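Chains, contacts and geometry: an overview
Residue-level listing of the chains:
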Amino acid sequence: MTLSIEATPNRSDHAEHVLDTVSRFVSNEIEPRAAEIDASNAYPWDLHEQAAKLGLFGIALPEAYGGLGLDLRTRLEIIELVARCSGSFAIILSTWPDAVHPIVECGSKDLKQEILPRVASGEWCPAFAMSEPSAGSDAAAMKAEARKTQEGYILNGTKTWCTHGGMADVLVVFAKTDPTKGSAGISAFLVRKDDPGFTVVRDEDLFSMRGSPQSTLEFSDCFVPEDRRLGAEGEGFRTAMKALDEARLNVSAKALGAAHTSISIATNYACDRQAFGTAIINHQGLQFLLADLATEYAAARTLWLHAIAELEQRPSRRASTLASMAKLACTEIGMKAPVEAIQVLGAAGLSTEVPLGRFMRDAKAYQIYDGTTQIHKMIIGRHLAREGFDLV
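Residues numbered from 1 in each chain as written. Predicted model: local features only at pLDDT ≥ 70, side-chain atom pairs only at ≥ 80, totals over all residues. Heavy atoms only, no water.

1. Structural notes on the overall build of the chain
When its secondary structure is counted, the chain shows 11 helices and 10 strands. In terms of overall dimensions, the chain is globule-like: its C-alpha atoms have a radius of gyration of 21 Å, near the 21 Å expected for 392 residues. Across its three principal axes, the chain shows a C-alpha extent of roughly 80 × 50 × 40 Å. For the chain, with 392 residues in total, the buried portion stands at 56%. A separation of at least 24 residues holds for 74% of the contacts in the chain among residues at least 6 apart in sequence. Carbon and sulfur atoms make up 52% of the accessible area of the chain, which amounts to about 16700 Å² in all. (Helix = DSSP H or I, 4+ residues; strand = E, 2+ residues; numbered from the N terminus. Rg over C-alpha atoms; globule rule 2.2 N^0.38 Å. Buried < 20%, exposed > 50% of the residue type's maximum accessible area, 1.4 Å probe, protein only. Contact = heavy atoms within 4.5 Å. Areas by Shrake-Rupley, 256 points an atom, 1.4 Å probe, with all protein chains shown as cover.)

Below is the structure:
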């Protein structure tokens with residue numbers, strides 16, 4: 001398995017060093033444990049501690065707060081690299097950037113100084129709580145409310161599918177401060193795990209993303225001081241959408257990682273396995289199948305890099321649409337590659353000794369969270385209706 005990212009002329013020596021370090025960590029520590037994490041469905045605290053010592057929980061934070069100060073492409077390539085062997089640990093690392101983005105963008109100076117260094121060190125786990133039982137893709141339909149009082153806000157509601165919500169020390173929670181205004185009435189708040197009125201209901205029992213808990217949370221008259229509101233009232237939805245642009249590229253990275261390993265496994269097997277007097281890769285049926293997978297992977301990864309470059313240059317509706325296109329293309333090949341790789345391997349592909357079944361289960365989740373395939377097609381279609389075809 002290839003566990004390295006190609007060198008790039010414009011990448012800094014610091015970024016190259018971090019990628020080399022991650023490559024060794026993945027090869028030596030994560031890859032040997034990937035199947036076990038999935039089978040046990042237990043959070044790998046020992047690997048967490050090792051990742052913390054390498055500074056990997058600070059991949060999305062500035063050096064001023066103990067982060068690594070990496071550019072967007074490098075930190076997303078770190079997630080892609082980890083996902084080539086473990087989707088679960090890739091989710092563990094990518095949840096940190098998703099959750100801290102609103103704090104970095106909208107938190108007060110004191111809040112940042114208190115929280116971000118502890119997050120960067122791996123001491124504190126952050127979480128992003130937006131989805132609800134009846135409000136997933138349609139976030140504006142959320143029912144959680146934050147009622148203003150003289151000292152702050154009283155938060156009530158239920159959040160679900162919150163990655164690491166049950167183990168989080170700090171949570172960015174979205175709720176309506178004005179239920180009459182739809183998405184314009186949503187605000188963001190920082191909740192601490194020991195705040196009275198906050199309860200972890202349960203961690204969900206899922207067939208994918210195992211070892212990275214997804215939690216249901218309850219807020220019952222949970223008091224949040226006013227200085228823990230992130231940004232102005234009514235700006236929460238906009239804050240969430242900015243965080244989701246990067247989150248969607250994070251999901252794309254995980255899907256590309258799964259696709260890369262799946263195609264590699266299938267190609268190597270097809271070159272080695274003999275049937276009817278020749279390697280099976282020489283039979284047109286499998287040759288064309290692998291050619292399609294390789295081409296679709298290359299196209300999806302190129303689109304992903306284009307979307308990253310656009311978002312780094314300037315956040316915009318165009319950049320958001322490209323992020324949706326990348327998420328659509330990458331998760332499609334992320335799902336297709338392990339399914340077809342299993343077909344190439346035949347009965348051997350069904351064995352738990354190869355990771356294809358695990359990649360297939362995780363890839364289905366990639367097509368769902370941070371916007372389903374259908375939601376991203378809607379986003380792309382609406383951009384075309386407004387702006388025409390200006391995306392390439």
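Read on for the rest.
2. Brief notes about the pattern of salt bridges
Pairing is possible between side chains that carry opposite charge, provided their charged atoms lie close to one another. Summed over all chains, the structure comprises 19 salt bridges. Among the ionic pairs, E226 bridges to R229, the shortest N-O distance being 3.6 Å. Accessibility expressed as a relative area gives 23% for R229, which makes it partly exposed. Among the ionic contacts, a cluster of salt bridges with common partners joins R73, E77, E80, R84 and R301. (Salt bridge = Lys/Arg side-chain N within 4 Å of Asp/Glu carboxyl O.)

3. Observations regarding the environment of I59
Position of I59 among the secondary structure elements: in the loop between α3 (45-53) and α4 (72-83). With a relative accessible area of 1%, I59 lands in the buried category. Taking the C-alpha atoms as reference points, I59 and P97, 38 residues apart in sequence, are found 7.4 Å from one another. If sequence neighbours within four positions are ignored, I59 has contacts with L68, L70, R75, I78, I79, L93 and P97.

4. Quick word on the packing of aromatic side chains
Counted according to the given criterion, the structure contains seven aromatic pairs. When the ring of F57 is compared with that of W96, the centres are 4.3 Å apart and the planes differ by 40°; the resulting orientation is tilted. Of this pair, F57 sits in the loop between α3 and α4 while W96 sits in helix α5 (residues 87-106); the two residues are 39 residues apart in sequence, bridging distant segments of the chain. Among the residues examined, F57 registers a relative accessible area of 1% and is labelled buried. (Phe/Tyr/Trp six-rings, centres within 6.5 Å; stacked < 30°, edge-to-face > 60°.)

5. Here we look at the side chain of E204
Tracing the sequence through the fold places E204 in the loop between β6 (198-203) and β7 (214-225). In this structure the side chain of E204 is engaged in a polar contact, spanning 3.1 Å, whose partner is the side chain of R202. Engagement of the side chain of E204 in a polar contact is seen with the side chain of T216, the distance being 2.6 Å. (Polar contact = N/O pair within 3.5 Å; in protein donor to acceptor, adjacent residues only side chain to side chain.)

6. Focus on the nonpolar core
Formed by 116 residues in total, the largest nonpolar core has its most connected members in F89, L155, F174, L249 and W304. Residue contributions to this core peak at 14 residues, all from helix α9 (residues 317-345). Beyond its immediate sequence surroundings of up to four residues, F174 is in contact with P102, F128, A129, M130, M142, A144, K159, I186, S187, A188, G236 and A240. (Core = buried A, V, L, I, M, F, W, Y, C linked by side-chain atoms within 4.5 Å.)

7. Brief notes about the side chain of D195
Of note, D195 is situated in the loop between β5 (186-192) and β6. Looking at D195, its side chain comes within polar contact range of the main-chain nitrogen of R192, at 2.9 Å. In terms of polar contacts, D195 uses its side chain to reach the side chain of R228, at 2.8 Å. With residues up to four places along the chain from it excluded, the contact list for D195 reads C222, F223 and R228.

8. Regarding a nonpolar patch on the surface
Nonpolar side chains collect at one region of the surface, where L384, F389 and V392 lie side by side and expose about 360 Å² of accessible area between them. Summarising the element assignment, V392 is placed in the segment after α11 (373-387). Exposure remark for V392: the relative accessible area of 78% places this residue in the exposed category. (Patch = residues over 30% accessible without salt bridge, like charges linked within 9 Å, V, L, I, M, F, W, Y side chains within 5 Å.)

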